[in-house]
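Coordinate inspection notes
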Amino acid sequence: MVKEITRDIKQLDHAKRHLTTSITTLNHLHMLAGGVDSLEAMTRRRQYGEVANLLQGVMNVLEHFHKYMGIPQIRQLSERVKAAQTELGQQILADFEEAFPSQGTKRPGGPSNVLRDACLVANILDPRIKQEIIKKFIKQHLSEYLVLFQENQDVAWLDKIDRRYAWIKRQLVDYEEKYGRMFPREWYMAERIAVEFCHITRTELAKIMRTRAKEIEVKLLLFAIQRTTNFEGFLAKRFSGCTLTDGTLKKLESPPASTNPFLEDEPTPEMEDLAMEKGELEQPRKPKAPDNPFHGIVSKCFEPHLYVYIESQDKNLGELIDRFVADFKAQGPPKPGPEEGGAVLPSCADLFVYYKKCMVQCSQLSTGEPMIALTTIFQKYLREYAWKILSGNLPKTTSSSGGLTISSLLKEKEGSEVAKFTVEELCLICSILSTAEYCLATTQQLEEKLKEKVDVSLTERINLTGEMDTFSTVISSSIQLLVQDLDGACDPALTAMSKMQWQNVEHVGDQSPYVTSVILHIKQNVPIIRDNLASTRKYFTQFCIKFANSFIPKFITHLFKCKPISMVGAEQLLLDTHSLKMVLLDLPSIGSQVVRKAPASYTKIVVKGMTRAEMILKVVMAPHEPLVVFVDNYIKLLTDCNTETFQKILDMKGLKRSEQSSMLELFRQRLPTPPSGPEGSSSLSLLTPTPEQESSRIRKLEKLIKKRL
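Residues numbered from 1 in each chain as written. Predicted model: local features only at pLDDT ≥ 70, side-chain atom pairs only at ≥ 80, totals over all residues. Heavy atoms only, no water.

1. Quick notes on the side chain of Lys130
To keep it simple, the criterion reads: Helical segments are the DSSP runs of H or I of at least four residues, strand segments are the runs of E of at least two, and each set is numbered from the N terminus. Accessible area is worked out with a 1.4 Å probe on protein chains only. A residue is then buried under 20% of its type maximum, exposed over 50%, and partly exposed in between. Positive: Lys, Arg. Negative: Asp, Glu. His and the chain ends are not part of the count. Each reported salt bridge corresponds to a side-chain nitrogen of Lys or Arg within 4 Å of a carboxyl oxygen of Asp or Glu.
Among the structural elements, Lys130 can be located in helix H5 (residues 127-148). Notably, Lys130 is buried but unbridged: the nearest opposite-charge side chain belongs to Glu186, and the N-O separation is 6.8 Å.

As structure tokens, then:
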């Protein structure tokens, strides 16, 4: 029923819609027909200003007739529009050819309004028309450049490269004055001229450098590169680089996410040197916004010839190392005062400052293979510096005993007679150690910066681990020399200790002369070493630890050689051992006005080692009967299941071989079930099974030690 009622209304609705569409289409057809007629007439009269507006309107209207192209009249109008567009394109190109002929050296006067309007029309036409106009104008504009700077011309060589850039700057100024208003702003004609100039220059320079490669010297090459990079910087300030995305230059662009600190903040050379000396290479930099889009657009042509620069740096660094060696021989090692800490050799800072300048310079020239070649040169001279300047100047050690005698040792106040190294030599070793540490840290920073500057694909080829290991070896050698020197100075004292007649000692007195001698050597060497390693505390700690690890086992070895020992002799040795233990615990700060707690790692080594020495003497002091008690106390105090050590204890006690054999047999029997008490038991635990008389003697000894302290 509803359909029946609304049937007539629906017919009227359709009729109204069709009628409206027909009227609108007829109006568009009228506009299209009139517009095509006007377009053809204006084209013949070269009224490009009116054509630009009309052509866009005609094309918009023509879009409404795409579905009516089956109608002959509509198709004819469409073909007339296409023909008008083609005629416009050819006519505009002809007008530009007439205004800017490709043949001939002279250009007509300034641009006309007709050409300016023609450019507006070209914006609407096929993009190829616009590209052809741009191409012909730029080619004509740069034709003079190709003539002036031909390969056979004197001004074409690198020494006059400035004239190329001066010429294009004049041309850009000339363009702005004469043609700046003729071309639409969105055509970026000035930038396009500059970019095409760069492409031509890069090609021409590459060609002439291949021809005259033997004439390229490093100064000339660097001069040309500097002027070229300055020009690329000028382009970056003047233009946005938007025309470079047309596809021809993408491969020349710098990586977008560069973290190059030298391009970010552009510090002065003085700031760079200061940062290097302070070790600030590792400071992170905030990423900078876009790099120079023109970087490498011309300077890329120099990359195949950078081997000249690399060879020059190889030669310069070789001469620099030779000069460092000569200066060291002439001036001698630095003589730092106590308040200055370890003096880093000045040549070290000079080397890394030079490295940094080379690295910055090369990274501006190329981030590819030349940077890898430069890294190889750096590695070569880092090793040479470590060998010739550092390792080569470490003092040579003499033989282990140094030809010293006990008689010279016993001149207690003249301990310097047994010292192998002079104060100057000790200072030199510390200086070389500090320099090696500086080199180690700075080489690590250098590796990081080199990886930042090269192409991402090449970062894995930069590895300075071998050079860092070389400097670590120098540090270890220096510490070992310091330890050997002090250790060797103490050797005669320990020898004297082992040769004393300990069974003839009648009473316990002050510390023995050999202890005084050891303490004297420690007080002579350690303050000098500590003051000269003030800036590298961790290596001074290493020295202390290595000395303790060397001296204490040697002391115990010599202790075993003291045989036979009487009870009083053992008490004297225990007193001497305690004195040495106190001195060793105080060794890191001995002779210093500032008392600093010794590192826990060092204290643990001294306490463990010297406590073992004390336990050995307490076992020696204990009566060997009853046998079971003696053996159990030995195992409890020394926790040493080695039969040889037990044999040495028995030798120290002066027991006969017949007595020793039964005790050794008992020792082997008791090993399966040793006491399970704590390893570091107090020395008083030995007193429990000891008779009253022996307890009294040990208590008297402890009182004497406390009194001495």
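2. Re helix H4 (residues 113-124)
Quick reminder of the rule: Multiplying 1.5 Å by the helix residue count minus one yields the expected span of that helix.
For H4, with twelve residues, the first-to-last C-alpha span of 18 Å sits near the 16 Å given by 1.5 Å per residue. Listing the buried residues of H4 in full gives Leu115, Asp117, Ala118, Cys119, Val121, Ala122 and Ile124.

3. Concerning helix H21 (residues 627-638)
Note the cut-off: Residue contacts are defined here by distance: any two heavy atoms, one from each residue, within 4.5 Å place the two residues in contact.
Here H21 contains twelve residues, and its C-alpha end-to-end distance of 16 Å stays within 8% of the 16 Å for a straight helix at 1.5 Å per residue. When H21 is considered as a whole, its buried residues turn out to be Phe630, Val631, Asn633, Tyr634, Ile635, Leu637 and Leu638. The inward-facing, buried residues of H21 contact helix H20 (600-621), helix H22 (643-653) and helix H23 (657-670). Among the residues trailing H21, Thr639 stands out with phi positive, at a value near 45 degrees.

4. What about the packing of aromatic side chains?
Worth spelling out the cut-off: Classification of ring pairs rests on two measures: the distance between centres of Phe, Tyr or Trp rings, Trp counted by its six-membered ring, which must be within 6.5 Å, and the angle between planes, read as stacked under 30 degrees, edge-to-face over 60 and tilted in between. Our definition puts a charge over a ring when NZ of Lys or CZ of Arg is within 6 Å of the ring centre and also within 35 degrees of the ring normal.
Following the criterion strictly, the structure yields 22 aromatic pairs and no others. Geometrically, the ring pair formed by Tyr145 and Phe149 is tilted, given 5.1 Å between the ring centres and 40 degrees between the ring planes. Judged by relative accessible area, which is 1%, Tyr145 ranks as buried. Among the aromatic residues, those joined into a ring-pair cluster are Tyr145, Phe149, Tyr165, Trp167, Phe197, Phe231 and Phe234. Between the NZ or CZ atom of Lys169 and the centre of the ring of Phe234, over which it lies, the distance is 4.8 Å. The side chain of Arg212 reaches across the aromatic face of Trp157, ending 4.1 Å from its centre.

5. Some details on the packing of helix H3 (residues 72-99) against H4
Between two packed helices, both the angle of their axes relative to each other and the distance between the axes serve to describe the pair. How we decide: Angles shown run from 0 to 180 degrees and are taken between the N-to-C directions of axes, each axis being a line fitted to C-alpha atoms and, for helices, limited to the stretch in contact. The crossing is said to be left-handed when, going from far helix to near helix, the turn is anticlockwise and less than a right angle, and right-handed when the turn is clockwise. Three residue categories are used. Nonpolar comprises Ala, Val, Leu, Ile, Met, Phe, Trp, Tyr, Cys and Pro, charged comprises Asp, Glu, Lys and Arg, and polar comprises the others, including Gly.
Packing of H3 against H4 leaves a shortest axis separation of 10 Å and a crossing angle of 145 degrees. In this structure, the crossing between H3 and H4 has a hand that is left-handed. In this structure, H3 contributes Leu88, Ile92, Asp95, Phe96 and Ala99 to the contact, and H4 contributes Leu115, Ala118, Cys119, Val121 and Ala122. Here the contact of H3 with H4 is composed, by residue class, of nine nonpolar, no polar and one charged.

6. Digging into the pattern of salt bridges
Following the criterion strictly, the structure yields 18 salt bridges and no others. Put simply, Lys388 and Glu384 hold a salt bridge, and the shortest N to O gap is 3.3 Å. Taken as a pair, Lys388 and Glu384 lie in helix H13 (residues 369-390) at a separation of four residues, close to a single helical turn. Taking relative accessible area as the criterion, Glu384 reaches 17% and is therefore assigned buried. Two residues, Lys554 and Asp487, come together in a salt bridge whose shortest N-O distance is 2.8 Å. Taken together, the residues Lys554 in helix H18 (residues 537-560) and Asp487 in helix H16 (residues 465-499) connect sequence positions 67 residues apart.

7. Looking at the side chain of Ser478
Within the secondary structure, Ser478 sits in helix H16. For Ser478, a relative accessible area of 0% corresponds to the buried category. For Ser478, the contacting residues outside a window of four places in its chain are Leu394, Ile429, Ile432 and Leu433.

8. A word on the confidence of the model for the chain
The test is simple: The predictor attaches a confidence to each residue, and that confidence, scored 0 to 100, is pLDDT.
Of the residues in the chain, 81% have a pLDDT of 70 or more, and the chain-wide mean is 78. Confidence drops under a pLDDT of 50 for residues 674-694, and excluding neighbours within four residues, the segment shows 31 contacts in the predicted structure.

9. Some points on the state of the cysteines
Heads up, the condition is: Cysteine sulfur atoms are paired as a disulfide whenever they fall within 2.5 Å.
The tally for this structure, following the rule as stated, stands at zero disulfides. No disulfide involves Cys358; its sulfur sits 8.5 Å from that of Cys362, the nearest cysteine. Cys427 forms no disulfide, and the closest cysteine sulfur to it belongs to Cys430, at a distance of 6.6 Å.

10. Details of unusual backbone geometry
Note that the residue after Lys563, namely Pro564, is joined by a cis bond; omega there is -5 degrees. As for its position among the elements, Pro564 is in the loop between H18 and helix H19 (567-585). One non-glycine residue, Tyr188, lies in positive phi territory at about 50 degrees. Overall, Tyr188 belongs to the partly exposed group, its relative accessible area being 39%.

11. So, the packing of helix H6 (residues 161-179) against helix H8 (residues 218-238)
What counts is decided by this rule: Throughout, the term roughly parallel applies to angles under 35 degrees, roughly antiparallel to angles over 145, roughly perpendicular to angles from 65 to 115, and oblique to all others.
Axis separation between H6 and H8 bottoms out at 9 Å; the angle between their running directions is 20 degrees. Judged on the interaxial angle alone, H8 and H6 are roughly parallel. Judged by residue contacts, Ile161, Asp162, Tyr165, Ile168, Lys169, Leu172 and Glu176 of H6 engage Phe223, Ala224, Arg227, Thr228, Phe231, Phe234 and Arg238 from H8.

12. Description of the environment of Ala622
Structurally, Ala622 is set in the loop between H20 and H21. Separated by eleven residues in sequence, Ala622 and Asn633 place their C-alpha atoms 9.0 Å apart.

13. Some remarks on the environment of Cys362
Position of Cys362 relative to the elements: it lies in helix H12 (residues 346-365). For the pair formed by Cys362 and Lys453, sequence separation is 91 residues and the distance between their alpha carbons is 9.4 Å. Once residues within four sequence positions are removed from consideration, Cys362 is found in contact with Tyr309, Ile310, Pro370, Met371 and Leu374.

14. With respect to the environment of Ile133
Tracing the sequence through the fold places Ile133 in helix H5. As a C-alpha pair, Ile133 and Phe96 span 37 residues in sequence and 7.3 Å in three-dimensional space. With near-sequence residues (within four places) excluded, Ile133 lies in contact with Ile92, Leu93, Phe96, Ala122, Phe183 and Trp187.

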